[in-house]
Amino acid sequence: MDRLLITGGRKLEGTLAISGAKNAALPLIAATLLTGDTLELRNVPELADVVSMMRLVQRLGVASTYLPGEPGRVAFHCQELLSTTAPYDLVRKMRASVLVLGPLLARGGEAIVSMPGGCAIGTRPIDLHLSGMERLGAIIELSQGYVTARAPAGGLKGARIELTQPSVGATENLLMAAATAKGTTTIIGAAREPEIVDLALLLSSMGAAIEGAGTSTITIEGVAQLHGAVHSIMPDRIEAGTYVMAAGITGGRLHITGGDLGLLGGAREKLEEAGLQFTDTADGFAVSVASEGLRGTDVMTRPYPGFPTDLQAQFMALMCNAEGASMITETIFENRFMHVPELARMGAQITIHGGSALVRGQGARGTTLRGAPVMATDLRASVSLVLAALAAEGETEINRIYHLDRGYEHLEQKLQAVGACVERIP
Ligand code: UD1
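Keep in mind that what you see is a predicted model, and the values were worked out from it rather than measured.

**Q** For the pattern of salt bridges, give the residues involved together with the corresponding values.
**A** In total, this model carries 19 salt bridges according to the counting rule given. R160 is the salt-bridge partner of E162, the closest N and O atoms lying 2.9 Å from each other. The exposed category is assigned to E162, whose relative accessible area is 53%. We classify R160 as partly exposed; its relative accessible area is 48%. R336 serves as the salt-bridge partner of D310, at 2.9 Å between the closest nitrogen and oxygen. Placement of the pair is D310 in the loop between β18 (299-300) and α10 (312-320) and R336 in the loop between β19 (323-329) and α11 (339-345), with a sequence separation of 26 residues. In this structure R336 comes out as buried when scored by relative accessible area, which is 6%. Three or more residues joined by partner-sharing salt bridges are found here, namely D2, D405, E412 and R424.

**Q** Talk me through the sheet that holds strand β12 (residues 209-211); I want residue IDs and the actual numbers.
**A** One open sheet holds the four strands; their spatial order is β10-β11-β13-β12, and the pairing between them is mixed. Edge positions in the sheet fall to β10 (160-162) and β12, since each has one partner strand and no second. With direction set aside, neighbouring strand axes in the sheet form an average angle of 15°. The pairing of strand β11 (residues 184-188) with strand β13 (residues 217-221) spans five bridges and is classified as antiparallel.

Conventions adopted
Residues numbered from 1 in each chain as written. Predicted model: local features only at pLDDT ≥ 70, side-chain atom pairs only at ≥ 80, totals over all residues. Heavy atoms only, no water. Salt bridge = Lys/Arg side-chain N within 4 Å of Asp/Glu carboxyl O. Buried < 20%, exposed > 50% of the residue type's maximum accessible area, 1.4 Å probe, protein only. Helix = DSSP H or I, 4+ residues; strand = E, 2+ residues; numbered from the N terminus. Pairing = 2+ DSSP bridges. Axes fitted to C-alpha atoms, helices over the stretch in contact; angles between N-to-C directions.

In structure tokens form, the structure reads like this:
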């Protein structure tokens, strides 16, 4: 298993390009099941999760080909569905596999999908996906760890669906299922994440009639058929936020290209409160630490446009080097503090009180983070250890970096190019 060796203490300086968004790419690849025409996606990031999703749709009948010209250009073609079953061996690797449920049900009238089960950051149920599909007329059965969903004889029918929680995955699954359902579907309480807007843009260019994506009420007027399209995947706002904090924790200055500051939503305000300053540039933005340094700042994770749960672990690492205390509260997923004991091994002073973590920042006295061998159990927790390591004194060895490969394209090359001392040891 590969490891990363990071020697900390170098300020990151230079230009860093943001890749296509993992969390947009995964639902977009699931959407390739919806048409018999060719779909071309651009800016597809080279990530383990993307490979897993491509493998899954291949099993279901999608042929995919990398196109020449620019990296990340992929043509997808699903002449016909070869199977309507998403098997356990593929789903267990990645929870987002459950996003094939809506497309399979819409195109094939049936979906048999392994239940994703628990994962490192909590139980993560799919009840909202399933009750939404039932509202569209699907008959759902659960047996032997699989969900079987069957569309009624005349196909799915538009309906009013209320989500009791703004689930990103459920909103995406329902958008894909409703695009070709008969009549009108209204999703009330929909998630508003930019990745949902990206999916709605793709579906619209395939011929779907969708209004309100990005707000909490989305209306879908079902169409008979979807056709081919070309779509460029949005930039990864979580990757951008992560590198913003890498600049912050090392006291450096980065020019982030291809990233969109607007996509950070409410996180921008919190990062500014914590002492980061942003300036817009022609092709992105620049970030550095204000002269007063990093300040302890409280955050609470919220659905978009609130502070994203996917940046919580990184923010906690940043706050270890701030002056003063920070209270970091996780409200989206239980059990998403797996990075805390590992950060503590590096000298961080963090105590957990229920869903909140109190971080005692050491900024004014210089970092107290010290290199150590660490490992992590999920993607964002792993990258928070990378941030801590970049700022720590001495060498940190990060184990189980397959988590990082799931979600950060060319992580060590990008960091090396802006001055970090990072090495991958096979
Ligand atoms: C997506 C993102 C993930 C991000 C999360 C929150 C992808 C591939 N993943 O995950 O990176 O951390 O949004 O922004 O895009 N819930 C239910 N029942 C359901 C579905 C969800 O109770 O049927 C709850 C979850 O337990 C959680 C909350 O709703 O508390 C939000 O989950 P959801 O938005 O669905 O997260 P994902 O789509 O899995």
